[in-house]
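# Architecture and fold: a report
Residue strings, one per chain:
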Amino acid sequence: MFSPEDLERYSRQILLPKVGGRGQARLGRMRVAIVGAGGLGSPAAIYLASGGVGHITIIDSDRVESSNLHRQVIHGEQDIGRWKVDSAADRIRELNPSVTCEPLRLRLSEENARETLRGHDVVIEGSDNLETKFLVNDACYFERIPLVWGGILRFEGQVSVVLPGESACYRCLFRELPPPGSAPTCQQAGVLGPLAGLVGTLQAAEAIKRGLGIGTALCNQILSIDLLSGRFRTVPMPRSPTCPLCGKEPVIEAVETTT
Ligand SMILES: [Zn+2]
């Protein structure tokens, strides 16, 4: 049952025929983990919290820096120097006090990834490094947790959903962690602020769809955004029978950071 305040707060969402009071209540019971309180995690957390997702775990090991602020919109000037998870948790509580926010100041590793993500209904991967993206893909696969991954660089972004064991995983496409330094990062190549907002918001939308059990998940395809041309494209990404993780003869049997 909703309080009169909650009915008012979520009224425009409850109005939707595919949501209703039942859908809103489902969101209230939903647990989402967001990996990275940065460019993607910021808008994702803001929309999940505002929309009434009941439990948000936010995982990050960095402090807020001035150079984050043009795209990491959950943090403000006054947060510079604070741990990102603390700054993000304060903002989430401010946006919606009925949301339980669990800030975890840690970097996911092969030792802690599965245990940390276990028990969540959806994981949103918004880290800034490929090592974590592979790690989270593998941990979600073994834990059978739906994963919404996103990536941004310069003016281009990608979003996709993995339903472990059912749809293509991150490794179906990217296979193995490339050698260190071989892929450019936002720190080296730059990124346009609104791109983070777009991709992180799409990730939140996919998580909410999953929580409500509505629509079609953005799986077996990548939504690719090119801000310079203003084009959105969906590129098919079929499951690979030779995927080292979810293929017919998998070689990855545990979460490891070296592969
Ligand atoms: Zn795969």
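Preceding this section is the structure that the text describes.
In what follows, the accompanying structure is described.

### Concerning a negative patch on the surface
- On the surface, a cluster of negative charge is contributed by Glu110, Glu111, Glu253 and Glu256.
- Tracing the backbone through its elements, the reader meets Glu111 in the loop between strand 3 (100–105) and helix 6 (113–117).
- Note on Glu111: relative accessible area 63%, which makes it exposed.

### Quick notes on helix 5 (residues 84–95)
- In this model, helix 5 (twelve residues) spans 16 Å end to end at C-alpha, consistent with the 16 Å of a helix rising 1.5 Å per residue.
- Restricting attention to buried positions, one finds in helix 5 the residues Lys84, Val85, Ser87, Ala88, Ala89 and Ile92.
- Contacts from the buried residues of helix 5 go to helix 4 (41–50), strand 2 (55–60) and strand 3.

### Here we look at the layout of surface pockets
- The volume enclosed by the second largest pocket comes to roughly 200 Å³.
- Forming the walls of the second largest pocket are Met1, Phe2, Asp6, Tyr10, Gly21, Gln24, Ala25, Gly28, Gly52, Gly54, Ser98 and Val99.
- Per-element accounting of the lining of the second largest pocket gives the leading share, four residues, to helix 3 (residues 20–28).

### Quick look at the coordination of the zinc ion
- The protein atoms that coordinate the zinc ion are Cys169 (SG), Cys172 (SG), Cys243 (SG) and Cys246 (SG), at distances spanning 2.3 to 2.4 Å.
- In this structure, the zinc ion is surrounded by four donor atoms whose angles at the metal cover 93 to 120 degrees, and the resulting shape is tetrahedral.
- Along the chain, the residues that donate to the zinc ion are spaced as C-x2-C-x70-C-x2-C. Here the residue Cys169 occupies a position in the loop between strand 6 (156–162) and helix 8 (170–174), and Cys246 occupies one in the segment after strand 8 (231–236), the gap between them amounting to 77 residues.
- Residue Cys169 is classed as buried on the basis of its relative accessible area of 1%.
- Taking the relative accessible area as the measure of exposure, Cys246 reaches 6% and is therefore buried.

The rules behind each value
Residues numbered from 1 in each chain as written. Predicted model: local features only at pLDDT ≥ 70, side-chain atom pairs only at ≥ 80, totals over all residues. Heavy atoms only, no water. Patch = residues over 30% accessible without salt bridge, like charges linked within 9 Å, V, L, I, M, F, W, Y side chains within 5 Å. Areas by Shrake-Rupley, 256 points an atom, 1.4 Å probe, with all protein chains shown as cover. Salt bridge = Lys/Arg side-chain N within 4 Å of Asp/Glu carboxyl O. Lys, Arg positive; Asp, Glu negative; His and termini not counted. Charge placed at Lys NZ, Arg CZ, Asp CG, Glu CD. Helix = DSSP H or I, 4+ residues; strand = E, 2+ residues; numbered from the N terminus. Buried < 20%, exposed > 50% of the residue type's maximum accessible area, 1.4 Å probe, protein only. Expected span 1.5 Å × (residues − 1). Contact = heavy atoms within 4.5 Å. 1 Å grid on protein atoms, 1.4 Å probe; cavity = no way out; pocket = protein on both sides within 12 Å on 5 of 7 lines; lining within 4 Å. Points joined across faces, edges and corners; volume = space filled by probe spheres on them. Donors = N, O, S within 2.8 Å, 3.2 Å for Na, K, Ca; no water. Tetrahedral: all angles 85-135°; square planar, octahedral: opposite > 155°, others 65-115°.

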